[in-house]
Structures are given as structure tokens and as C-alpha cells.
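# Structural description and commentary
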Amino acid sequence: MGNSDSKLNFRKAVIQLTTKTQPVEATDDGFWDQFWVDTSTSVQDMFALVPAAEIRAVREESPSNLATLCYKAVEKLVQAAESGCPSVKEQQVTVSCSRLLTRILPYIFEDPDWRGFFWSTVPGAGRAGVDEGDDDGARPLAEFLLLAIADLLFCPNFTVQSHRRGGADTTEDVQSVDSCEHIWEAGVGFAQSPPLNYIYDLNRMELLKLLLTCFSEAMYLPPSPDQSVPNPWVSFFCSAHNRHALPLFTSLLNVVCAYDPVGYGIPYNHLLFSDYRERLVEHAVQVLIVTLESDGGGATAASHALDPSDSPSTAEEPESVGPDNLFVNYLSRIHREEDFSFILKGLARLLTNPLTQTYLPNSTKKIQFHQELLVLFWKLCDFNKKFLFFVLKSSHVLDILLPILFYLNDARADQSRVGLVHIGVFILLLLSGERNFGVRLNKPYTVRVPMDIPVFTGTHADLLVIVFHKIITSGHQRLQPLFDCLLTIVVNVSPYLKSLSMVAANKLLHLLDAFSTPWFLFSASQNHHLVFFLLEAFNNLIQYQFDGNCNLVYAIIRKRAAFHQLANLPSDPGSLQRALQRKKRSPEGMSRTSSQETVSMEGSRPAIPAEPGTLKTSLAATPGIDKLTEKSQVSDDGTMVSIQQPDPPQNPPTHAGVSDTESNSGKETEDVLETEVESPRKRLSGSSSATPWVPTPEWVLSWKVKLPLQTIMRLLQVLVPQVEKICIDKGLTDESEILKFLQHGTLVGLLPVPHPILIRKYQANAGTAMWFRTYMWGVVYLRNVDPPIWYDTDVRLFEIQRV
């Protein structure tokens, strides 16, 4: 009875906010306490009892009541942080205020007139307990709120274990707590693992949810390529004003990387008791990726070989080292091998978790936050080059590669997971810029991850090629802008691949076959790039790894007609017309031609499209490959030299009206920031002229003369007659005999002089920074459904659609 009564009182109070003709005085504590006095209100109740329509009504009709409600709720949190929440009642009031603010903040952010409210100073706020040093306590409400949350995240007996001897009545002074002794989990810079306490985990979760909601102001601003406008909430929280920045960064990172979802390995244990740690880890990784927003300063601190654990006092003078954002700063300065190993093993364990096969269906727990983990891995590699090199020098890089290939293959048909495919490909592009990645791919592939791809015997390189082929031939059409990226990765690793399997070699030649049809080449201004990439990969394999690649050489000989057809590509107007009128044979129809391997890996299931009604968020468009990468040449001693001049074959004159099936390489940067949803609508109006693009003989000749066919033509000229002779002489129809001959053959002195190896390394740019921001917030939006924090609010950073 009491419970429903208190809910009724709460409901009445909410209604009174909109209906009272006079603003309620801030001093009327009896009225305001109704909002947090009921300790039985769950977070779901809070969202039901405070409906969206009423929050908006208070905002419009009784603005001073909404302002006072926010102010009073923040004041309660500030008082709690000061008193240290000694009683259960105070702890419950703190949780209620956190939930109430989590509910209200999105409606403050969605209204441009209200957005500055938390950043205005509150008259008389000096009494809310602020440093005397500040000018008469004139500190914005947002800063009070953020500092209170930070204090509460290290509040003994509320969110951390008390180190005090003595009874419960000996409360610690929160202001004097050394939070570096209260880091939540062992790992980077902290050795002790505190005992698990699910009450602490629940309280931390409520506060992290509120923190994430504070940071989410970013969702309500339209996408802008300008990186120099930092999120004020993140900037303040990650600055030296927050004395808990270091222990909180370390706590979040360690909680994520130490988490083992399998727990004690008891089947079905996740069905018996709820895992509070998993939900905490989920919130921790979301807060972490949102705070690691570079403030344009770049991770210049990476060169300072400091460790967060060495000197917590570095938080006092952030100006001296790198970015102002201390979270980015600390991340960039981790350098100990054991810390890198802890982070990498933790991320690999979590990313691999959804792949685990078990004989009992649903018996192991599968985590759902792999997209956030991929963003975190990306940021680690981006801000800490030492971490990137650590990943590449250990064969653990394959423990990251396998889950990424699994996700790419699994998500390729599902348009609601286009973003997941993009981030997987971006990570592989970043890794492929380093020689070690290509070398590591030669490791035999023996673990059998359940994937619907042909069974093969070979290396991780074969797996990569086969999965990429599958994405190109049977992925969702929204993935076409990524084709350039996928083939760039293949080109980057090609000089280091010792022996491709027959299955992978056939897949590459099948792509060449499809991309070199006249219809495909002439139907869009940039499609010929794909042929250039494939030829470059073949040349690298022949010039640098001929000895082990007899399967590829044999496949090239069998498919020699495709190379002759390319060399003799007609460019007269009549041929162009006829080619374009021929039946459209687009990459989507390509899977028919490679049905020779129908047996898929054990346990696999085909990639399925999104279920109807699935929500998805739009993404910023992907920058073209020329904006995404910069060219480096590998010199004789293995070092890389950056090349500045443009690459002639890859950059033909660009034409207006780029078609929807190709990469955006030719578009100007501002177009790159269109969302995927808008692109087709704006395609004609946004381009410099509305006339469709038409191929001309001059255009075909401009790139046809640059096709790098010499090496392959020479190889065919030498080997085809020899292979034909063997077949005639010995009456051979047996592949293995021909392969044996090719294996022992040599082309030394017969091929053109090897060209220098060109690597296209990922380079940070405004387009990808924007892409990551929209993708990351889209993931956070869609994953927070219980409670639905941002659902049905007027988000501007992306569009939300139902599939």
C-alpha cells in the first residue's frame, strides 16, 4: 500500500510542476523532496512516472519550475558528495536524483534555448559547498554536477570499499579520500582486485548512466566537420579540475579489460543469477569511448614515456604534456608491456566471446557490446602508437583479426549493421599499413570459427581474402563505398603473403573478372580503381612472393583471357554505348559464378538481413580512399618514406554526379559529411551539375594506358607455352602436376624490374573523425534501451530509421 501511495504522491508532484500557476519556491523543501524521497522508485518507474510530454510541458509553460527542479536535484548530489552518503536513506536519495536527472537532461539538450542552462551560474549557489577560492562561488551548475558525480564514484561504502577500521558509523571524509587507492579493478597501474560487490556495481552504474547522459549533449547538435568545438561536458570532466580523473580512467579501463563473461565456466550460470558486472562493464566502455574524444591536440603525449601508475600527480599540470583531455593524455602514455598485454588479452577475450561454439545451445553468455569494444580498440591504436606496435609484434593481433572477420561476414547482409562493417574495415586498414600485419597473416588458420564461407586449408591471409570476397559479392549494397578500402588492405598485405590457397587465388581472380567487364568499368567514373588495386596486388605477389604462390600463378594462367581483354579494352564511342546497354552485371550478381565451393564451415549460418522494424541510425558518409590514406614507399632497408605526389592511376579527372554504387573518393570533403540517408536524395542537387556522368573515349584512354599489366603479360608470355607443352606432351589434365611444375619454375631475369612496394597508410582526417563520432553516439543511442534514455527525443547528430 505504502509503495503505491508514494508513487501517487510522486505523480501528483510531477503534475503540479505544470499546473501550478505560481512558480514553486526553491525553499519549499516539502514540495521538492517528493521527487526523491520515495526510495522504492525503480529506474523504469522513474521513466513511466515522468512522461516526455510533461517534461516538455514544464519546459515550455513553467520554465522556472524546471530550472528549480534541476538545481535542487544537483544540490542533493553535491550534498551527498560532501557528506559521503553515510546512511542507506541518503544513498537511495542519491540514486533517485541520478535517475531523475538522467530522465530530464535529454529534454534540456533538445531545446537550443535551454542548452546553455547548466553552463550558466546559479545565483546564491555559493552555499552549495564550493571551494572558497572560486569567485564568490559563481560556478556553472554543470561543473557542480560533474564534480559531485566524480566524488560519488569513489564514495566509501557507496561505490567503493571503505578502508577504514571501525564500525559503520566512522564515516570517511569524501574530500580527503585518496581515490587512487580505490581503483575499481586490478590491471593498468593497480595491483589489488577489490572483492566484487553488486551493490557498489549498481550504484556505479546509475552514476555512469547519468554521466553518459550529461555527455550526450553531442547528440543534439547537427553533424559538423569542425573538430575544434569540443563537448563542454567532456572537456571539463576530463580536465585537471576533476581530481579523480586518473583513478576513474584507470577504473573504467581495468573493469572493461579484466571482465571475463564466462565467469566460473558453469554452463547456464548467466541464467541463474544476473551479472551486474556485465552491465557495469557496458556502461564503463561507453563512458570511456565518449570521453576519449580528441580535442584536436592529437595524442602528442605518446612520446612521453610515462605511465599513469608512475605519477598520479601529473594531473596537476596537463599543459606540459600533450592533449588537455586527461583521459586521452593518460591513454597515450601507457607504455609498460604488461599493461599492453593485459589490455590486448582482455579486449581479445571479449571480442571473441560471441564466436564461442558450445554443444549446449545458449549455455554460454554472449556479450552484446562488441561495437563499443571495437571503437575502444581503434582509439587505443590511434592515440597510442606504442600500443599499435605492441599489437602488431605479437601474434595476438590474429586474436583481434578473427573476431573482426567474423563480424564482417556475419553483418554483411544486414543494413542495420553497416556501421559495424565499416569500423571493422577501418581497423584492418589501420593495421595493414604496417609490414608486421602482412607477415602475421602467413600463420596457418587452424581454429575453426563458424562462418558461412568455403572450407579451405591455408593461412589467415586466405581467410581475409575469402571473407572480403564474400562481402563484395554478397554484402548489402550500402557496403559498396567500402570496396576501395577492402582492396587497399589486400594490396597493403600482398607483398608479404607467402602462399595463397587455391580457394583464395580463385576468389581474387573472380573479382578481377567481375570488375573488368566493360559494363562495370564504364558505368561509373571510379570503378576502374578496383581493377588497378587488384593488378597491383597481383604484381606484388608475383614480384616479391613468386616462389610460394603457384596456386595464384596457375589461377592467373587459367583466367588469362580477362587480362587480354583488359589490355585490348575498346574505347571508341560505339563500344562504350554497347557496353553500357548490355545487361547490368553488377557486383551483386557475382556470387553465382563462384559456386564451385558450396561446403561451408561447420556450425555456420548464413548472414541474415535485419529483422523488419529494427532501428538503425544514419552514419556520416565514408571519405574516399584518397582522403583516408597517404602513400608510403618501402625502401630497401624496410623503412617507409611518405610520398607526397598524387598517384596518377588512382586519380582520374573526377566528374560531377557520382553514382551511388561507388566510393566517394572523387567528392569534395563537405560532401563526405552527408549522412548515408541523405546522400541519395542530395546526390543530384548537391553535385556541381545535375547531368548524369557519361564515359568518353578520352577518359577511358587516360587510365587504360596506365594499367600495370606488364608483369602479368610477361609472366603469361613465358609460362603459358610451357604449361601447354606439358599438357600436350604428357596428356595432362591433372592440376597437381601443373602446380608441381609451377612450384619449381622460376622467372628470375625474365620479369620487369620489381617496382617499389607502395603502402597506403591510414591517415586521420576530419571525415573519419566525424564518421566515428556519429557511429559511436548511434551505437550508444541504440544500446541504451532499458531505460530508453534518448528514445523519442529530438536527436540531430544522426537520423533514426526503421529497417
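From a predicted model like this one, the values you see are computed outputs, not experimental measurements.

As a further point, take the sheet that holds strand β4 (residues 757-762). Pairing within the open sheet is antiparallel, and its three strands lie in the order β3-β2-β4. Across the chains shown, the open sheet's two edge strands, defined by having one partner strand only, are β3 (640-642) and β4. The sheet shows a mean angle of 40 degrees between the axes of neighbouring strands, taken without regard to direction. Across six bridges, strand β2 (residues 629-634) lies against β4 in antiparallel orientation. Opposite Ser632, over in β4, you have Ile759 as the bridge partner.

Moving on: the confidence of the model for the protein chain. Atomic detail in the predicted coordinates should be set aside for any region of low pLDDT. Residues of the protein chain with pLDDT of at least 70 account for 82%, and the chain-wide mean is 83. With pLDDT under 50 throughout, residues 297-321 is counted as low confidence; its partners more than four residues away or in other chains account for 48 contacts. Across residues 647-689, where pLDDT falls below 50, the model places 95 contacts with residues more than four positions away in sequence or in other chains.

With that out of the way, let us pick up unusual backbone geometry. Here Asp786 and Pro787 are connected by a cis peptide whose omega angle stands at 0 degrees. Relative to the helices and strands, Pro787 resides in the loop between α34 (766-783) and β5 (800-802). A positive phi angle, close to 45 degrees, is found at Cys85, a residue other than glycine. Inspection of the secondary structure assignment puts Cys85 in the loop between α5 (63-83) and α6 (88-109). Assessed through its relative accessible area of 1%, Cys85 is described here as buried.

If you look at the biggest cluster of nonpolar residues, it comprises 249 residues, and the most contacted ones within it are Phe35, Phe118, Leu428 and Phe538. Those residues within four positions of Phe118 in sequence are excluded, and the remaining contacts are Cys70, Val74, Leu101, Leu105, Ile108, Pro140, Leu141, Ala142, Leu145 and Trp233.

What follows covers the layout of surface pockets. In this model, the second largest pocket occupies a volume close to 660 Å³. Around the second largest pocket, the lining is made up of 29 residues, and of these Arg99, Leu202, Met205, Glu206 and Arg279 lie nearest the centre. Only α3 (43-49), α6, α8 (198-215) and α12 (276-291) provide two or more residues apiece to the lining of the second largest pocket. Of the residues in the lining of the second largest pocket, the class split is ten nonpolar, twelve polar and seven charged.

Two numbers describe how α8 lies on α12: the axes approach to 9 Å, and their chain directions differ by 30 degrees. Between α8 and α12, the interaxial angle falls into the category roughly parallel. The handedness of the crossing between α8 and α12 comes out as left-handed. Residues Tyr198, Asp201, Leu202, Arg204, Met205, Leu208, Lys209, Leu211, Leu212 and Phe215 of α8 touch α12, and the partners they reach there are Tyr276, Arg277, Arg279, Leu280, His283, Ala284, Gln286, Val287, Val290 and Thr291. When the residues that make up the contact of α8 with α12 are grouped by side-chain class, the tally is twelve nonpolar, three polar and five charged.

For helix α7 (residues 141-152), with twelve residues, the first-to-last C-alpha span of 16 Å sits near the 16 Å given by 1.5 Å per residue. α7 sits mainly inside the fold: twelve of its twelve residues count as buried. If you check which residues of α7 are buried, you get Leu141, Ala142, Glu143, Phe144, Leu145, Leu146, Leu147, Ala148, Ile149, Ala150, Asp151 and Leu152. The secondary structure elements touched by the buried residues of α7 are α5, α6, α8 and α9 (232-237).

With that settled, the discussion passes to empty space enclosed by the protein. Taken as a whole, this structure holds five cavities of 30 Å³ or more when the rule is applied. What lines the largest cavity is simply Val14, Leu17, Phe35, Val50, Glu54, Ile55, Val58, Leu66, Leu69 and Ile104. Counting residues per element, the ones that place at least two in the lining of the largest cavity are α1 (2-19), α4 (52-61) and α5. For the lining of the largest cavity, the leading source of residues is α4, giving three residues.

Each value, and the rule that gives it
- Residues numbered from 1 in each chain as written.
- Predicted model: local features only at pLDDT ≥ 70, side-chain atom pairs only at ≥ 80, totals over all residues.
- Heavy atoms only, no water.
- Pairing = 2+ DSSP bridges.
- Helix = DSSP H or I, 4+ residues; strand = E, 2+ residues; numbered from the N terminus.
- Axes fitted to C-alpha atoms, helices over the stretch in contact; angles between N-to-C directions.
- pLDDT = per-residue confidence, 0-100.
- Contact = heavy atoms within 4.5 Å.
- Buried < 20%, exposed > 50% of the residue type's maximum accessible area, 1.4 Å probe, protein only.
- Core = buried A, V, L, I, M, F, W, Y, C linked by side-chain atoms within 4.5 Å.
- 1 Å grid on protein atoms, 1.4 Å probe; cavity = no way out; pocket = protein on both sides within 12 Å on 5 of 7 lines; lining within 4 Å.
- Points joined across faces, edges and corners; volume = space filled by probe spheres on them.
- Nonpolar A, V, L, I, M, F, W, Y, C, P; charged D, E, K, R; others polar.
- Parallel < 35°, antiparallel > 145°, perpendicular 65-115°, else oblique.
- Left-handed = near helix turned anticlockwise from the far one by under 90°.
- Expected span 1.5 Å × (residues − 1).

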